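Spelled out from the first residue to the last, the chains are:
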Amino acid sequence: MVEGVVVAALLLVGLGLGALFACACYATELGRQARFLARRERLSNARLTCGSRLPGMVGMVDAVNAEIDAADAERVEALRAADEFSRGLSALSHDVRTPLTGARGYLQLAREESDSARKDEQLAAADARLAAMSGLLDELFSYARAADPDSPLELGPVALRPVLEQVLLGHYPEFEARGWEPELTCGDVVVTANREALSRIVENLVVNALRHGSGPLAVHVHPAGERDGEKNGVAVEFSNPVADPSAIDVDRLFERFYQADASRSTAGSGLGLSVAAKLAEAQGMTLTAHLSGSTLVCELGTVPN
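What you are looking at is a predicted structure, and each value in this text was computed from that prediction instead of being measured.

Caption draft 1: Expanded view of the pattern of salt bridges. For the coordinates displayed, the defined rule picks out three salt bridges. A salt bridge links R118 to E113, with the shortest nitrogen-to-oxygen separation between them at 3.5 Å. Here R118 falls in the partly exposed class, since its relative accessible area comes to 44%. The closest approach of N and O atoms between R161 and E165, which form a salt bridge, is 2.8 Å.

Structural data, given as structure tokens:
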């Protein structure tokens, strides 16, 4: 009996000493890691190491390093985005100054012009350049609003066909001037959206087709299929031929200021498609693009009603 008690006591002592030793090892290792993290420079590439194989310690070190890597990746992406935005603003500043300088020039000529007909022409030219500058500033404001997470859009049921018809009819003189007959295929479809934001998306896609296309625009609405037994809404395809497909980088098409860099060959801020993409995202929609031969296809995926 006494021997049993002694053995049990020795086991308890052994377990206690083992527990104390394990706690000491954990405390030592955690202290070392805490000192490393406290002294680690924020921009350092150094990573946490594990000096023991204690249960759970390796997993914790790997998890901490994963968080460090994620934070570094976010910092690099933020720096890249800030640099891109800075370059884009410089390009946009140039685009704003160009019509402003032109408007000033025409106004100066109008002041010195004695012929009333020529003065009217110069004033009209100045007005056109001021309107172009206003359009650029409007695009920038629209992008800022679309990218603002503190201004959520109110969504509701919206009939799609009237929105498409209204935008296309608004640009009919431009289509007519090019000799293009826009094609619209759309049934009685209702989607969940913000009507104003949806109209702006369609407007920007139509303007992009007019500005960069080389042939008639076709707008085709079709079911987007089903996923997990539920309807995925509808897809709205905007397609028209382009003169030089190789000059279009579809992977960058929705980047802000994309048109403002080396690819810029026509008027525009490079914000129109970025605004459209941001507004689509804010409504839970998707906006993608691909080339089918010499045809550029932009597809808006809507939310089912």
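Having seen it, we continue.
Caption draft 2: Layout of the confidence of the model for the chain. Chain-level pLDDT for the chain is 78 on average; 74% of the residues reach the 70-or-more range. Predicted confidence in the chain is weakest over strand β5 (residues 226–227), with a mean pLDDT of 46, and strongest over helix α4 (residues 160–170), with 93. Every residue in residues 260–266 scores below 50 in pLDDT, and together they form 12 contacts with partners more than four places removed in sequence or on other chains.

Caption draft 3: Region of interest: the sheet that holds strand β2 (residues 183–185). What the five strands build is an open sheet, ordered β2-β4-β7-β9-β8; its pairing is mixed. The two strands at the open ends of the sheet, each matched to only one other strand, are β2 and β8 (286–292). For this sheet, the mean angle separating the axes of adjacent strands, direction not counted, is 20°. When β2 meets strand β4 (residues 218–223), the two strands line up parallel, connected through three bridges. Across the sheet, residue L184 finds its bridge partner in β4, namely V219. Relative to β8, helix α7 (residues 272–282) is tilted by about 130°, and along the sheet it contacts β8 and β9 (295–301).

Caption draft 4: Main features of α4. Turning to α4, its buried residues are L160, V163, L164, V167 and L168. Down the axis of α4, the sector holding all buried residues measures 120°, keeping them to one side. The exposed residues of α4 that point more than 90 degrees off its buried face are Q166, L169 and G170. Where α4 is buried, its residues touch β1 (156–159), α5 (172–178), β2, α6 (195–212), β4 and β7 (234–241).

Caption draft 5: Summary view of the packing of α6 against α7. It is at 9 Å that the axes of α6 and α7 come closest, and there the two elements cross at 150°. When the interaxial angle is binned, α6 and α7 end up roughly antiparallel. Handedness of the crossing formed by α6 with α7: left-handed. Here A197, R200, I201, N204, L205 and N208 of α6 lie close against α7, whose contacting residues are G272, L273, V275, A276, L279 and A280. The residue makeup of the contact of α6 with α7, split by class, is eight nonpolar, three polar and one charged.

Caption draft 6: Region of interest: the nonpolar core. Of all hydrophobic cores here, the largest spans 41 residues; its most connected members are L160, L164, L198, V206 and F238. Of all the elements in the fold, those that place two or more residues in this core are α4, β3 (190–193), α6, β4, β7, α7, β8 and β9. Top element by residues in this core is α6. It accounts for eight residues. In contact with V206, other than residues within four places in its own chain, are V167, L168, H171, F175, L217 and F238.

Caption draft 7: View of the environment of S44. In this structure, S44 sits in the loop between α1 (2–39) and α2 (57–112). S44 sits 28 residues away from D72 along the chain, and the two C-alpha atoms are 9.4 Å apart.

Caption draft 8: Representation of the packing of α4 against α6 in the model. α6 packs onto α4 with a crossing angle of 45° between their chain directions and a minimal axis gap of 9 Å. Of the possible angle classes, the one that applies to α4 and α6 is oblique. The handedness of the crossing between α4 and α6 is right-handed. Together, L160, P162, V163, L164, Q166, V167 and L168 of α4 and R195, L198, S199, V202, E203 and V206 of α6 make up the contact between the two elements. When its residues are assigned to classes, the contact of α4 with α6 shows nine nonpolar, two polar and two charged.

Reading the values: rules and limits
Residues numbered from 1 in each chain as written. Predicted model: local features only at pLDDT ≥ 70, side-chain atom pairs only at ≥ 80, totals over all residues. Heavy atoms only, no water. Salt bridge = Lys/Arg side-chain N within 4 Å of Asp/Glu carboxyl O. Buried < 20%, exposed > 50% of the residue type's maximum accessible area, 1.4 Å probe, protein only. pLDDT = per-residue confidence, 0-100. Helix = DSSP H or I, 4+ residues; strand = E, 2+ residues; numbered from the N terminus. Contact = heavy atoms within 4.5 Å. Pairing = 2+ DSSP bridges. Axes fitted to C-alpha atoms, helices over the stretch in contact; angles between N-to-C directions. Arc of directions from axis to C-beta. Parallel < 35°, antiparallel > 145°, perpendicular 65-115°, else oblique. Left-handed = near helix turned anticlockwise from the far one by under 90°. Nonpolar A, V, L, I, M, F, W, Y, C, P; charged D, E, K, R; others polar. Core = buried A, V, L, I, M, F, W, Y, C linked by side-chain atoms within 4.5 Å.

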